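Listed here are the chains, written in short residue letters.
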Amino acid sequence: MIPKGTGASETDVTWEDQQNINKFGRLNNRFHELEDEIKFVKETIDNLEDASNELILTDEDVVRFQIGEVFAHVPKEEVETRIEEMKEVSSKNLEKFEEEKESVVAQMGELKKVLYGKFKDSINLEED
Amino acid sequence: MAAAAAASSSSTASPKTTTERRGIPGAEFVEDVEIYLSQTGLDVNSALAFLQERLQQYKLVEMKLLAQQRDLQAKIPDIEKCLDVVATLQAKKGTGEALIADFEVSEGIYSRARIEDNDSVCLWLGANVMLEYSCEEATSLLRKNLENAKASLEVLIADLQFLRDQVTITQVTIARVYNWDVHQRRIRQTSTSSTAKDSIT
């Protein structure tokens, strides 16, 4: 999103305005990054759910659990514990990202008010 | 970049721009378009061309930095996986039983390995070099690499943020110079049309 002018108004752009525009740009980038991170973490949590469901169904005592690039033979209980731990970590990350995303959206809303207030039609802050 | 530096050297040093960051030139914030054009001695089209060129240069640097960021972001999970393996080996050391693992020999073909109790691991350092380390040394080396990678990533992200700010400033300046030009033309048009009307009457 590029701040464009319609050419009709001669509103001056102060350094403070420029800094607000810059900050809005940074927040918007961070917003998109967070959306991608959240999508990735949600996928991870889904995969872990599927894995633990499969684990319940299997009747083997030894499960091949991926550590690094190899599949180590790990007893079923240990695998269950590990998957629980991984789910915990992912849930915490998801919470952290969602919180940050809310804060970013709020800040962007504030900046929009300020910038539209000064520039009205001369600026476009929406997604294309 | 040298021509660009020469063009902007005539302007007064404004405290509102960091002149550059790690080789990336800072975009000068323009207080007043008219003063900016008279200071640089450029006409509107040359100013616009100069700013567009600057924008292109920024885009190139952005591509390069994004590629570096992607590399680092791939490297970090790799190092974490290695740490995981070493930690697992160390955990198995105490129990006395061997670790059985299935590993990929070739695409789609796996084989089983029995990893006995041992005190050392070999780490791939790159450039066809592999060194043997004790488990503790390996863990500390991998941790150090992880720290370095994370620190580099942070610096890179800060660079990208700085760069994006400069891009935004340049885009806004381009819009303002263009609008100023349109405004000037309109003023000239209304003044010439009114003088034309005067001369006709």
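Just so it is clear, the structure is predicted and the values come from calculations on it, not from any experiment.

A. Expanded view of the overall build of chain B. Across its full length, chain B carries four helices and six strands. For chain B, the succession of helices and strands along the chain, N to C, is α-β-β-α-α-β-β-β-β-α. By residue count, 34% of the 201 residues in chain B fall in the buried class. A fraction of 63% describes how many contacts in chain B between residues 6 or more apart in sequence connect residues 24 or more apart.

B. Summary view of the pairing of strand E5 (residues 120-126) of chain B. Note: E5 of chain B against strand E6 (residues 129-134) of chain B, six bridges, orientation antiparallel. Bridging from a neighbouring strand, leucine 123 of chain B pairs with leucine 131 of chain B of E6 of chain B.

C. Summary view of the layout of surface pockets. Considered as a void within the structure, the largest pocket measures approximately 2300 Å³ in volume. Lining the largest pocket we find 50 residues, and of these Phe40, Thr44 and Asn93 of chain A together with Pro77 and Glu80 of chain B sit closest to its centre. Those elements giving two or more residues to the lining of the largest pocket turn out to be helix H1 (15-57), strand E1 (62-67) and helix H2 (76-119) of chain A together with helix H3 (44-95) and helix H4 (135-200) of chain B. When residues of the lining of the largest pocket are assigned to their parent elements, the largest contribution, 15 residues, is made by H1 of chain A. Here the lining of the largest pocket is built from residues that sort into 21 nonpolar, 11 polar and 18 charged. The computed volume of the second largest pocket comes to approximately 870 Å³. Contributing to the lining of the second largest pocket are 29 residues, with Cys82, Val85, Val86, Cys122 and Leu123 of chain B lying nearest its centre. Every element with two or more residues in the lining of the second largest pocket is listed here: strand E2 (70-75) of chain A together with H3, strand E3 (99-106), strand E4 (109-115), E5 and H4 of chain B. Sorting elements by how many residues they give to the lining of the second largest pocket places H3 of chain B first, with eight residues. Here the residues of the lining of the second largest pocket are counted per class, giving 21 nonpolar, four polar and four charged.

D. Molecular detail of the pattern of salt bridges. Scanning the model with the defined rule gives 24 salt bridges over all chains in all. Between lysine 81 of chain B and glutamate 69 of chain A there is a salt bridge, with the nearest N and O atoms lying 3.0 Å from each other. With lysine 81 of chain B in helix H3 and glutamate 69 of chain A in the loop between E1 and E2, this pair bridges two chains. Residue classification places lysine 81 of chain B among the partly exposed residues on the basis of a relative accessible area of 33%. With a closest N to O distance of 3.7 Å, aspartate 119 of chain B and lysine 93 of chain B form a salt bridge.

Parameters at a glance
- Residues numbered from 1 in each chain as written.
- Chains lettered and ligands numbered in written order.
- Predicted model: local features only at pLDDT ≥ 70, side-chain atom pairs only at ≥ 80, totals over all residues.
- Heavy atoms only, no water.
- Helix = DSSP H or I, 4+ residues; strand = E, 2+ residues; numbered from the N terminus.
- Buried < 20%, exposed > 50% of the residue type's maximum accessible area, 1.4 Å probe, protein only.
- Contact = heavy atoms within 4.5 Å.
- Pairing = 2+ DSSP bridges.
- 1 Å grid on protein atoms, 1.4 Å probe; cavity = no way out; pocket = protein on both sides within 12 Å on 5 of 7 lines; lining within 4 Å.
- Points joined across faces, edges and corners; volume = space filled by probe spheres on them.
- Nonpolar A, V, L, I, M, F, W, Y, C, P; charged D, E, K, R; others polar.
- Salt bridge = Lys/Arg side-chain N within 4 Å of Asp/Glu carboxyl O.

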